[in-house]
Amino acid sequence: MWKIMDIPKTVEDVELYCERVISLLEEWSWLYQYRATEILLSELLSSESLKLMENLDDHSLSQVPFGLVQSSWPQQLRFFVEECVRLTLKIPVRQSQPVKLTVPNKLRKCTSMKKQHEIDELAPYIMEHCLQSSISRIYDIGSGLGYIDRILATTGGLSIVGVELDSCKIEGAIKLNKELLEQNQSSNIIYIACRLDEENLEHICEQLQCYKENGCLVGLHACGDLSAVSLRQVPSKYAFY
Ligand SMILES: C[S@@+](CC[C@H](N)C(=O)[O-])C[C@H]1O[C@@H](n2cnc3c(N)ncnc32)[C@H](O)[C@@H]1O
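As the structure is a prediction and not an experimental result, all values here were calculated from the model.

Trainee: Tell me what's going on with the overall build of the chain, and back it up with residues and numbers.
Mentor: A count of helices and strands for the chain gives 13 helices and 4 strands. Within the chain, the proportion of its 241 residues that are buried is 20%. By sequence separation, contacts in the chain at least 24 residues apart represent 71% of the contacts at least 6 residues apart.

If you want it as structure tokens, here you go:
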């Protein structure tokens, strides 16, 4: 069975919740499939919707993600904004990190401040869940240059399988692992070059023997359709969580 991290108890039916998130992500997939400039220059957004946005003052525009809609807007656009607000989880912000993260200076030096911040926020949660559930393996989807993998392998002692479609990024990650990690740590991280999609996810899970070993699926900035594709499988079949 899968367990999804930090879904508040107020969500009674997690499967239904995930279905709604996935449907919304799929229906509006052009939002994350295209660059912002392409969206503005092409016909993706109707000229009517564009005009409506242009007519909003800065303050109103900044309130749209928090649910500001106007009755004159097309129904589809109103539904999108309102559904986003309904599906946004109210997760209480923790005052302290669940697990103390001591990142070696060497690893910090090669990471931008933004990335460091993201890792500082996410890695302790992953480590806490892994400790609580005796999980020793991480599946990092869209692993990129493997920033979080190095931290989890060194400070969390976890073994990592990164899945990444861009083989140049995998080469970059392996190079950085060799430069920055001890040999026994870098050998704990492996990468698979492949594009995860609905057709191959099941096959890849079998290849990785996800059924046999408890694992934790992680995605830092999972972009494109990656979240929708992997979430699609979450409530149903697999034996890693
Ligand atoms: C925004 S980057 C984040 C990289 C890394 N997790 C980080 O935080 O530095 C997203 C990564 O996911 C990869 N990616 C996107 N869609 C994918 C897919 N369907 N299967 C595998 N990798 C994918 C991209 O190539 C990219 O490297």
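Trainee: Residues and numbers for the environment of leucine 122, please.
Mentor: Within the secondary structure, leucine 122 sits in helix α8 (residues 113-132). By C-beta crowding, leucine 122 is classed as partly exposed, having 18 other C-beta atoms within 10 Å. With near-sequence residues (within four places) excluded, leucine 122 lies in contact with Ile148 and Leu220.

Trainee: Run through the site of the ligand, naming residues and quoting values.
Mentor: Around the ligand there are 18 residues in total, and Gly142, Gly144, Leu165, Leu220 and His221 lie nearest to it. Looking at the shell around the ligand, its residues break down into 8 nonpolar, 5 polar and 5 charged.

Trainee: Outline the nonpolar core, listing residues and values.
Mentor: Nonpolar side chains tend toward joint burial in soluble globular proteins. Within the largest apolar cluster, 27 residues are counted, with the highest numbers of intra-cluster contacts made by Ala123, Ile126, Ile138, Tyr139, Leu152 and Ile160. Contributing elements (two or more residues each) for this core: α8, β1 (137-141), α9 (147-155), β2 (159-164), α10 (167-180), β3 (189-193) and β4 (215-218). Those residues in contact with leucine 152 that sit more than four places away from it in its chain are Ala123, Ile126, Ile138, Leu158 and Ile160.

Trainee: Give a detailed account of the environment of glutamate 19, specifying residues and quantitative values.
Mentor: With respect to the secondary-structure elements, glutamate 19 resides in helix α1 (residues 14-27). The exposure class of glutamate 19 is partly exposed, given the 14 C-beta atoms found within 10 Å. For the pair glutamate 19 and arginine 232, spaced 213 residues apart in sequence, the C-alpha to C-alpha distance is 7.6 Å.

Trainee: Quick rundown of the sheet that holds β4? Include the residues and the values.
Mentor: In space, the 4 strands of this open sheet follow the order β3-β2-β1-β4, with parallel pairing throughout. Each having just a single partner strand, β3 and β4 make up the two edges of the open sheet. Across this sheet, the average inter-strand angle for adjacent strands is 20 degrees, counted without regard to direction. Across the sheet, α9 lies against β1, β2 and β3, angled at about 170 degrees from β2, the strand it touches most.

Trainee: Talk me through unusual backbone geometry; I want residue IDs and the actual numbers.
Mentor: Positioned with a positive phi, serine 134 is a non-glycine residue whose angle comes to about 50 degrees. Examined against the element boundaries, serine 134 turns out to sit in the loop between α8 and β1.

Trainee: Requested: an account of the packing of α8 against α9, with residues and values cited.
Mentor: Between α8 and α9, the least distance of the axes is 10 Å, while the angle of their chain directions is 45 degrees. Here α9 runs oblique to α8, going by the angle between their axes. The two elements α8 and α9 meet at a crossing, and its hand is right-handed. Contacts between α8 and α9 involve Lys115, Ile119, Leu122, Ala123 and Ile126 from the former and Tyr147, Ile148, Ile151 and Leu152 from the latter. The residue inventory of the contact of α8 with α9, partitioned by class, reads 8 nonpolar, no polar and 1 charged.

Trainee: Account for the confidence of the model for the chain, with residues named and values stated.
Mentor: In the predicted model, the chain carries a mean pLDDT of 83, and 88% of its residues have values of at least 70. Below pLDDT 50 for its whole length, residues 235-241 participates in 22 contacts with residues either more than four positions away or in separate chains.

What counts, and at which threshold
- Residues numbered from 1 in each chain as written.
- Predicted model: local features only at pLDDT ≥ 70, side-chain atom pairs only at ≥ 80, totals over all residues.
- Helix = DSSP H or I, 4+ residues; strand = E, 2+ residues; numbered from the N terminus.
- Buried ≥ 20, exposed ≤ 12 C-beta atoms within 10 Å, placed from the backbone.
- Contact = placed C-beta atoms within 7 Å.
- Near = placed C-beta within 6 Å.
- Nonpolar A, V, L, I, M, F, W, Y, C, P; charged D, E, K, R; others polar.
- Core = buried A, V, L, I, M, F, W, Y, C linked by C-beta atoms within 7 Å.
- Pairing = 2+ DSSP bridges.
- Axes fitted to C-alpha atoms, helices over the stretch in contact; angles between N-to-C directions.
- Parallel < 35°, antiparallel > 145°, perpendicular 65-115°, else oblique.
- Left-handed = near helix turned anticlockwise from the far one by under 90°.
- pLDDT = per-residue confidence, 0-100.

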